[in-house]
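# Coordinate inspection notes
Below are the chains, spelled out letter by letter.
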Amino acid sequence: MQYLHRVIAAHGPISVARYMAEALGHPTDGYYTTRDPLGAKGDFVTAPEISQMFGELIGAWCADVWHQMDRPPVFRLVELGPGRGTLMSDALRATRKVEGFVDAADLHLVEISPVLRQQQAETLAAYRPTWHDAFDQVPDGPLIVVANELFDALPVHQFAFAGGQWRERLIDVGANGTGLRFVLGPVTEDWPAPQVDTAQAPPPAAIRERCPSGSALIGEIGHRVAVHGGAALVVDYGYDQPGFGDTVQAVHNHEPVDVLAAPGEDDLCAHVDFVALREAVCGTNATAWGPVTQAHFLAAIGLEARAATLKKAAPDAGGEIDAAVTRLTASDQMGSLFKVLALTSAGLTPAGFAA
Ligand code: SAH
């Protein structure tokens with residue numbers, strides 16, 4: 001991505017957040033803007049691509065929320081980063097029999113990738129979606145928001161603790177003018193970890209990450225939900241205790257690769273800081289629920305029963321269905337690393353979050 005080299009040559013080293021934002025979202029050379037990264041032939045596989053049960057259960061979750069909202073005749077059904085549209089297609093198919101729900105759903109998709117928008121247009125044509133570049137363009141009104149593996153694509157800043165002080169980690173061109181490398185910026189007073197006990201010294205060479213765009217987005221969603229009524233469901237790979245560590249990773253063809261090797265060609269993501277997301281929701285009048293693990297959430301909203309129904313209808317697919325349940329819920333697979341956070345307006349109790 002020559003563009004990044006030109007930016008650094010003109011302005012000096014850039015933040016890890018700028019690097020992620022350009023590598024993933026650059027309009028002509030970004031990773032997401034130029035391809036469909038999903039599936040066996042792509043770089044990674046997500047829960048809705050593993051099994052239809054994931055989207056179906058989330059559809060039932062949304063329909064339950066809609067009932068609790070007193071079944072508004074029109075509401076915005078919003079998905080952030082819908083990929084191939086698989087989750088939403090499964091969700092809307094599974095809720096066809098919930099009287100009035102699909103008719104009331106005014107579908108809005110927030111997506112930066114023209115390639116994936118095209119796929120979503122095909123998968124979801126029957127529901128006539130409207131696309132937006134950002135959540136704040138979605139029209140007002142009662143809403144239900146779903147985001148699976150979107151927050152992990154949002155850019156993080158990294159801060160390194162070196163010589164007793166915090167410095168932002170930056171990216172510069174290599175010493176010989178080619179390639180990229182990490183360098184440290186000036187000492188920063190911009191303490192990166194408000195939720196970490198500052199009296200406790202961080203471990204030497206600690207790295208803290210911060211995702212201001214994630215906090216801003218969840219805050220905006222929380223505000224909308226509180227003012228207009230509704231709920232949001234965020235599912236992502238992340239941590240629910242404050243912590244240190246470099247979680248930025250690059251993936252190509254299902255294998256981890258060097259983060260700096262090929263910006264624009266590899267997927268980049270960072271673990272989601274659910275503590276920070278919860279904190280940002282607390283600044284709004286919405287209620288935050290969880291995070292709970294994906295295994296807990298899916299079990300609580302009926303994964304076993306759904307799997308049993310599918311197996312009865314298609315006995316030959318039994319092994320495949322069992323394998324999908326394991327992949328979604330086993331603690332050494334997606335069950336524990338993936339977390340689920342919900343936001344609701346006052347008076348709603350989202351399914352799946354009871355103790
Ligand atoms: N939710 C889908 C896809 C996850 S991949 C699934 O579970 O299969 C991440 C998705 O978010 C892709 O659709 C990608 O194009 C989109 N995306 C990445 N950054 C985004 C941003 N800043 N705003 C909106 N969409 C974004």
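Here the structure is a predicted model, which is why all the values come from computation and not from measurement. (Residues numbered from 1 in each chain as written. Predicted model: local features only at pLDDT ≥ 70, side-chain atom pairs only at ≥ 80, totals over all residues. Heavy atoms only, no water.)

## With respect to the overall build of the protein chain
When helices and strands are tallied, the protein chain shows twelve helices and 16 strands. Taken over C-alpha atoms, the radius of gyration comes to 21 Å for the protein chain, in line with the 20 Å a tight globule of 355 residues would show. Structurally, the protein chain occupies a C-alpha span of about 65 × 45 × 40 Å along its principal axes. A fraction of 74% describes how many contacts in the protein chain between residues 6 or more apart in sequence connect residues 24 or more apart. Summed over its atoms, the accessible surface of the protein chain is roughly 15,500 Å², and 52% of this surface lies on carbon and sulfur atoms. For the protein chain, the distance from the average position of its 24 positive side-chain charges to the average position of its 42 negative side-chain charges is 3 Å. (Helix = DSSP H or I, 4+ residues; strand = E, 2+ residues; numbered from the N terminus. Rg over C-alpha atoms; globule rule 2.2 N^0.38 Å. Contact = heavy atoms within 4.5 Å. Areas by Shrake-Rupley, 256 points an atom, 1.4 Å probe, with all protein chains shown as cover. Lys, Arg positive; Asp, Glu negative; His and termini not counted. Charge placed at Lys NZ, Arg CZ, Asp CG, Glu CD.)

## Side note on the site of the ligand
Taken together, 17 residues form the shell around the ligand, and within it T46, G81, G83, E111 and N148 come nearest. At 2.5 Å, a side-chain N or O of T46 approaches an oxygen atom of the ligand. When the ligand sits alone it has 570 Å² of accessible area, and the protein chains cover 91% of it. Of the residues that constitute the shell around the ligand, the class distribution is nine nonpolar, five polar and three charged. (Near = heavy atom within 4 Å. Polar contact = N/O pair within 3.5 Å; in protein donor to acceptor, adjacent residues only side chain to side chain. Nonpolar A, V, L, I, M, F, W, Y, C, P; charged D, E, K, R; others polar.)

## Quick notes on the nonpolar core
Counting residues in each nonpolar core, the largest one holds 50 residues, and the members touching the most others are Y19, L80, F135, F151, I218 and I221. At the level of secondary structure, the elements contributing two or more residues to this core comprise α1 (2-11), α2 (16-25), β2 (75-80), β5 (143-148), α8 (212-228), β10 (230-239), α9 (274-282) and β16 (338-344). Considering each element in turn, this core owes the most residues, five residues, to α2. Not counting the four nearest positions on each side in its chain, F135 is found in contact with V78, L80, V110, L143, V145, L217, E220, I221 and R224. Among the nonpolar cores identified, the runner-up in size contains 47 residues, and A63, F101, V146 and I321 belong to it. (Core = buried A, V, L, I, M, F, W, Y, C linked by side-chain atoms within 4.5 Å. Buried < 20%, exposed > 50% of the residue type's maximum accessible area, 1.4 Å probe, protein only.)

## Quick notes on helix α4 (residues 52-68)
Relative to the 24 Å expected for 17 residues at 1.5 Å per residue, α4 spans 25 Å between its end C-alpha atoms, a close match to the ideal helical length. Where burial is concerned, most of α4 is hidden: twelve out of the 17 residues are buried. Here α4 has its buried residues at M53, F54, G55, E56, L57, I58, G59, W61, C62, A63, V65 and W66. A side-chain oxygen of the first residue of α4 lies 3.0 Å from the backbone nitrogen of M53; this N-cap is S51. Looking one or two residues past α4, D70 carries a phi angle of roughly 70°, positive in sign. (Expected span 1.5 Å × (residues − 1).)

## Comments concerning the environment of P291
Note on placement: P291 falls in strand β15 (residues 287-293). If sequence neighbours within four positions are ignored, P291 has contacts with D240, F274, R278, K339, V340 and L341.

## Side note on the pattern of salt bridges
One pass over the full model with this rule turns up 14 salt bridges. A salt bridge links E56 to R93, with the shortest nitrogen-to-oxygen separation between them at 2.8 Å. In this pair, E56 is assigned in helix α4 and R93 in helix α5 (residues 86-94), connecting sequence segments 37 residues apart. Residue class for E56 comes out buried when judged on its relative accessible area of 5%. Assessed through its relative accessible area of 30%, R93 is described here as partly exposed. The shortest N-O distance in the salt bridge between R306 and E56 comes to 2.6 Å. (Salt bridge = Lys/Arg side-chain N within 4 Å of Asp/Glu carboxyl O.)

## Examining the pairing of strand β8 (residues 180-187)
Where strand β7 (residues 165-173) meets β8, six bridges bridge the pair, whose relative direction is antiparallel. Directly across from L170, in β8, lies its bridge partner V183. (Pairing = 2+ DSSP bridges.)

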